Amino acid sequence: MDTPMLTLRAVTKTHNEGEENACTALHDIDLSLEGRGVTVLRGPSGSGKSTLLSLVGCLSRPTSGRIHLRDPETAEVRDISALPERFLTLLRRRTFGFVFQSFNLIHGLSALENVMLPAYPLGQGRREIITRATAWLERLDVAHKARTPVELLSGGEVQRVAIARAMVNDPPVLIADEPTANLDSDLVRRFLEIVARFRDEGRMVLMTSHDPRVWESVSVDRVVTLRDGRIAGDEPGPASPARQGGGGAP
Amino acid sequence: MVFPVARRDGSARSGSLSRSPFPPNRAATALVLLAAGLAAVLGTVLDAAFRRGEGETGRGTARMVADLGLTDLALFTEARYTRNPSLADLHTPFQDHPLALDHFPSGSLIGPPTPWGQASLTKGEVPE
Amino acid sequence: MIRWFRVQVLMIDYTLASMARRKARNLGLLLVYAAILFVLASVTLFTGALREEAVRALVGAPEVTVQRMVMGRHALIDRDGLEALRAIRGVQWAEGRLWGYFYDTANGANYTMIVPSGGIVPSGGREAVAYGAPPEPGFVRIGGGVARSRGVAPGDWLFLLNPQGRLFKLRVEAVFPSASELVSADLVVLSEADFRAFHTLPEGVFTDLALGVRNPREITTIVEKAALVLPDCRFITRRDILRTYDALFDWREGILLALMGGAILAFMILAWDKASGQSPEERREIGILKAIGWETGEVIRARLWESALVSLFAFLAGYLLAYLHVFFFSAGLLRPVLQGWAVLYPEIHLTPRIDGARVLTLFLLTVGPYVAATLVPIWRAAVVDPDTVMR
Ligand SMILES: Nc1ncnc2c1ncn2[C@@H]1O[C@H](COP(=O)(O)OP(=O)(O)OP(=O)(O)O)[C@@H](O)[C@H]1O
Ligand SMILES: [Mg+2]
């Protein structure tokens with residue numbers, strides 16, 4: 001915990017650089033994230049939340065600036081801003097689990113098969129992967145839908161299958177982009193319970209949200225606000241010791 | 001346990017599906033099928049070898065060819081140059097005109113005879 | 001190694017699962033592919049076996065056949081030529097052959113009438129003959145095709161009208177074994193006396209001459225000498241005959257393969273279209289795989305497994321069916337192509353022969369282009385940025 005898990009220094013991201021429709025989604029971002037706790041990125045639509053997540057999650061590379069990531073296995077800090085795609089992929093699959101804005105399950109495959117997919121390149125035995133995937137589905141209470149094609153699942157089930165898929169390789173960091181969009185309050189509450197459990201297990205959760213129910217949730221440690229591609233605020237969340245300390249001693 | 005109801009409900013429904021926690025391994029099925037196919041290919045090789053071994057017929061045929069003094073296969077019997085292509089005189093397929101279409105379809109399969117000539121006797125890989 | 005194998009098995013599992021979504025399309029593709037391979041493999045196996053059979057049968061053909069040519073046509077040759085050939089040093093034996101074609105007006109078939117060589121000249125050097133002893137006058141031995149088309153069996157009478165309209169009544173002494181039909185289907189073997197009477201052929205002339213040599217290596221020299229003695233004759237050696245058949249089967253195979261070429265091309269276009277017509281759905285899927293941690297190479301490999309499995313299964317099915325077809329069902333589907341317009345056909349029972357090099361060529365020429373045709377579009381789809389799924 002001495003070195004932060006992730007450090008961004010003066011990171012700028014321009015989509016379609018050099019083309020007519022070039023669009024700078026992030027300007028000069030400085031941010032560092034500890035390897036634990038729940039961090040919520042909030043901000044209006046188009047403010048660059050998803051872009052920031054994809055940079056942090058090694059899905060894309062910054063146009064300028066540096067990103068350092070602490071390798072969860074070797075604890076070695078590496079500059080990932082210029083890593084070749086192959087290494088980025090290897091690093092990504094040990095470090096991050098992703099829940100995408102629209103969940104992005106693969107249609108036609110069953111829930112179980114979807115959950116198993118991220119484990120395929122790792123070279124474990126099929127039974128081992130199935131056992132693990134089933135365990136995750138059980139933990140998220142969708143094991144009874146394991147053999148169902150994902151297009152037949154309800155919104156909440158899809159979300160939980162997506163979380164199981166993100167977690168199947170047991171990553172230390174969960175990245176979730178708008179995981180609660182289109183969900184009712186009950187499902188949001190359940191989701192936050194899951195997040196709280198992950199947090200208690202010592203994982204780091206980084207998610208974006210428009211939803212006050214999310215960032216006001218008791219398990220959130222930190223809320224970072226983005227506006228027009230810049231950091232407009234960085235406050236401790238309800239679960240943060242700083243805020244609890246502040247609130248507990250008036 | 002967070003959703004016991006949903007879960008019991010679900011396992012009741014999934015009762016119609018296979019109870020094994022491990023869904024059938026399609027890849028294994030495919031690989032087994034592939035291996036079976038390869039084994040069958042090997043089988044054809046063995047079958048060919050076996051039937052060639054027992055095939056006295058070939059030698060019998062060669063004997064008949066020698067005894068009767070035959071020179072050709074009786075594959076196409078409709079015309080001189082298809083019945084005995086190796087003895088057909090060089091002009092037979094083009095009796096009417098060198099570019100005339102053949103009367104018999106098999107003529108187009110057989111192709112014009114090639115004058116090998118004496119010079120070609122010394123080379124060539126045809127088995128004795 | 002185990003790791004690699006496990007990954008491949010999982011990739012195949014995923015590939016099959018995603019193929020199962022488009023079952024009809026993939027099955028259709030497999031079927032068309034297997035059908036093309038079936039035809040190609042049938043032709044390859046059939047011509048290969050036939051070529052082999054031809055070589056095995058025709059090693060018994062006369063070492064040299066001497067044909068007299070008149071005005072570019074094959075003409076009868078007389079006894080003088082025979083004596084001239086016998087005088088050449090190195091000639092072991094020489095004999096006149098009597099054979100010819102006969103069009104049977106009764107059923108429209110063509111027969112080949114032949115007098116066994118043993119019956120004309122007592123051939124000193126040749127070993128005792130089994131088929132070679134000519135029948136007694138009044139008797140014939142016939143090929144299976146003739147027996148079938150005339151409905152006769154050993155012991156029956158065979159009635160033949162000669163070209164002058166005279167009726168010949170001949171007793172069928174034997175029908176040649178069916179194993180030899182490839183060379184004997186249309187044969188009518190009879191005595192010299194009957195042959196000459198039937199075709200009103202004068203004494204002392206022959207269809208052509210056959211000769212044997214003492215030392216096969218001397219054939220070239222002997223043929224050169226013979227050409228000086230008989231300048232109006234054409235000399236066909238056994239090698240020429242074998243080469244004729246080699247070329248013949250190449251030619252035939254080539255024709256059929258050329259005909260198939262169009263179909264293959266059309267299929268390749270289909271394959272390309274299938275692979276390159278990656279729907280937005282499929283592109284999205286590839287993006288998802290990359291985002292959840294698959295490398296570009298792994299995505300490509302999974303997709304390549306798809307084309308590899310399709311083509312392997314198509315090849316296996318096509319080849320195995322072709323083997324059954326050619327060697328267990330006598331290439332029934334290829335017969336119409338082979339038989340042309342003839343009335344009388346040999347019933348061929350081919351001894352299986354697998355030319356590994358040819359089968360391998362077939363494999364490489366079909367599976368290779370198919371996998372290659374799908375590789376480029378797959379690769380193009382697989383290089384998408386993983387962050388596309390974030391949008
Ligand atoms: N691939 C791209 N090409 C061009 N512009 C892009 C691309 N991706 C994002 N942008 C632009 O960058 C800006 C930030 O987009 P981003 O998706 O990060 O916003 P967001 O904060 O996630 O919004 P939302 O809350 O609606 O999801 C937007 O103006 C968007 O149009
Ligand atoms: Mg977004």
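Just so we're clear, the structure is a prediction, and the values are computed from it rather than from any experiment. (Residues numbered from 1 in each chain as written. Chains lettered and ligands numbered in written order. Predicted model: local features only at pLDDT ≥ 70, side-chain atom pairs only at ≥ 80, totals over all residues. Heavy atoms only, no water.)

Enquirer: Got a minute to help me understand the domain arrangement of chain C in this structure?
Expert: It is common to report an interface's size as the accessible area lost on association of the parts. Residues and elements named next belong to chain C. By the assigned domains, chain C splits into domain 1 (2-56 + 244-390) and domain 2 (62-237). Inter-centroid distance (C-alpha atoms) of domain 1 to domain 2 is 48 Å. With 9 residues of domain 1 at the interface, the matching set in domain 2 holds 14 residues. Between domain 1 and domain 2, roughly 790 Å² of surface is buried when both sides are summed, and carbon and sulfur atoms account for 71% of that area. Summed over the three residues of domain 1 that lose the most area to domain 2, namely Val 343, Leu 344 and Glu 347, the buried surface amounts to 61% of that side. Where domain 1 meets domain 2, there are 0 salt bridges. Where domain 1 packs against domain 2, one counts 0 residue pairs in polar contact (both at pLDDT 80 or more). Tallied by class, the residues present in the side of domain 1 that touches domain 2 amount to 6 nonpolar, 1 polar and 2 charged. (Domains from an automatic or database assignment. Contact = heavy atoms within 4.5 Å. Buried area = accessible area lost by both parts, 1.4 Å probe. Salt bridge = Lys/Arg side-chain N within 4 Å of Asp/Glu carboxyl O. Polar contact = N/O pair within 3.5 Å; in protein donor to acceptor, adjacent residues only side chain to side chain. Nonpolar A, V, L, I, M, F, W, Y, C, P; charged D, E, K, R; others polar.)

Enquirer: What should I look at first to understand the nonpolar core in this one?
Expert: Looking at soluble globular proteins, one finds that nonpolar side chains tend to be buried together. Ranked by size, the top nonpolar core spans 165 residues in total, and within it Leu 6, Leu 52, Leu 117 and Met 207 of chain A, Leu 73 of chain B together with Trp 294 of chain C carry the most contacts. Examining the composition of this core, we find that 17 residues originate from one element, helix α2 (residues 23-58) of chain C, more than from any other. Lining this core are residues from two domains, each supplying at least three of them: domain 1 (2-56 + 244-390) and domain 2 (62-237) of chain C. Sequence-distant contacts of Leu 52 of chain A, defined by excluding residues within four places in its chain, comprise Leu 8, Leu 26, Ile 29, Leu 31, Leu 41 and Leu 226 of chain A. Ala 94, Val 146, Ala 147 and Val 223 of chain C belong to the second largest nonpolar core, which has 44 residues in total. (Core = buried A, V, L, I, M, F, W, Y, C linked by side-chain atoms within 4.5 Å. Buried < 20%, exposed > 50% of the residue type's maximum accessible area, 1.4 Å probe, protein only. Helix = DSSP H or I, 4+ residues; strand = E, 2+ residues; numbered from the N terminus.)

Enquirer: Would you mind showing me how to read the packing of helix α1 (residues 2-20) of chain C against helix α10 (residues 296-328) of chain C here?
Expert: Packed helices, taken two at a time, are described by the angle their axes make and the gap between the axes. All names here are of chain C. Taken N-terminus to C-terminus, the directions of α1 and α10 make an angle of 65°; their axes are 9 Å apart at the nearest point. Between α1 and α10, the interaxial angle falls into the category roughly perpendicular. Helix-helix and strand crossings are classified by hand; for α1 and α10 the assignment is right-handed. Facing α1, whose interface residues are Gln 8, Met 11, Ile 12, Tyr 14, Thr 15, Leu 16 and Met 19, α10 presents Glu 298, Arg 301, Ala 302, Arg 303, Trp 305, Glu 306, Leu 309 and Val 310. Taken together, the residues of the contact of α1 with α10 break down into 9 nonpolar, 2 polar and 4 charged. (Axes fitted to C-alpha atoms, helices over the stretch in contact; angles between N-to-C directions. Parallel < 35°, antiparallel > 145°, perpendicular 65-115°, else oblique. Left-handed = near helix turned anticlockwise from the far one by under 90°.)

Enquirer: Mind showing me how you'd approach helix α6 (residues 185-200) of chain A here?
Expert: Because an α-helix packs 3.6 residues into every turn, residues spaced three or four apart end up facing the same way. Residue and element names in this part refer to chain A. For α6, built from 16 residues, the straight-helix expectation of 22 Å at 1.5 Å per residue is met to within 8% by its first-to-last C-alpha distance of 22 Å. The set of residues buried in α6 consists of Leu 187, Val 188, Phe 191, Leu 192, Ile 194, Val 195 and Phe 198. Buried residues of α6, seen end-on, are gathered within an arc of 155° and therefore sit on one face of the element. Elements that come into contact with the buried residues of α6 comprise β3 (37-42), α4 (126-139), α5 (155-167), β7 (173-177), β8 (204-208) and α7 (212-215). The first or second residue beyond α6 is Gly 202, which carries a positive phi of 95°. (Expected span 1.5 Å × (residues − 1). Arc of directions from axis to C-beta.)

Enquirer: How should the confidence of the model for chain A be read in this particular structure?
Expert: Any residue range with low pLDDT should be treated as having predicted coordinates unsuitable for detailed reading. Residues and elements named next belong to chain A. When pLDDT is averaged along chain A, the result is 87, and 96% of the positions lie at 70 or above. Helix α8 (residues 241-248) is the least confidently modelled element of chain A, averaging 56 in pLDDT, while helix α3 (residues 111-116) averages 94, the highest of any element. Residue range residues 246-250 is modelled with pLDDT below 50. Its contacts to residues more than four positions away, or to other chains, number 0 contacts. (pLDDT = per-residue confidence, 0-100.)

Enquirer: Please clarify how the pattern of salt bridges should be interpreted in this entry.
Expert: Two side chains that carry opposite charge are able to pair once their charged atoms sit near each other. Using the criterion set out here, one finds 37 salt bridges over all chains in the structure. Note that Glu 85 of chain A and Lys 290 of chain C form a salt bridge whose closest N and O atoms lie 3.3 Å from each other. In this pair, Glu 85 of chain A sits in helix α2 (residues 85-95) while Lys 290 of chain C sits in helix α9 (residues 280-291), so the two residues belong to two different chains. Here Lys 290 of chain C falls in the buried class, since its relative accessible area comes to 1%. The partner of Glu 285 of chain C in a salt bridge is Arg 303 of chain C, with the nearest N and O atoms 3.4 Å apart. With Glu 285 of chain C in helix α9 and Arg 303 of chain C in helix α10, this residue pair connects regions lying 18 residues apart in the sequence. This pair shows no difference in class: Glu 285 of chain C is buried, exactly as Arg 303 of chain C is. Salt bridges sharing common partners tie together Arg 86 and Arg 93 of chain A together with Glu 295 and Glu 298 of chain C.

Enquirer: How should I be thinking about the sheet that holds β3 of chain A in this particular structure?
Expert: Hydrogen bonding along the main chain pairs the strands of a sheet, whether they run parallel or antiparallel. Residue and element names in this part refer to chain A. In space, the 6 strands of this open sheet follow the order β6-β7-β8-β3-β9-β10, with mixed pairing throughout. Strands with a single pairing partner mark the edges of an open sheet, and in this sheet they are β6 (96-99) and β10 (230-236). Between one strand axis and the next, the sheet turns through 15° on average, direction left out of account. Here β3 pairs with β8 via 5 bridges, running parallel. Paired with Val 40 across the two strands is Met 207, which belongs to β8. Packed onto the sheet, α5 meets β6 and β7 and runs at close to 165° relative to β6. (Pairing = 2+ DSSP bridges.)

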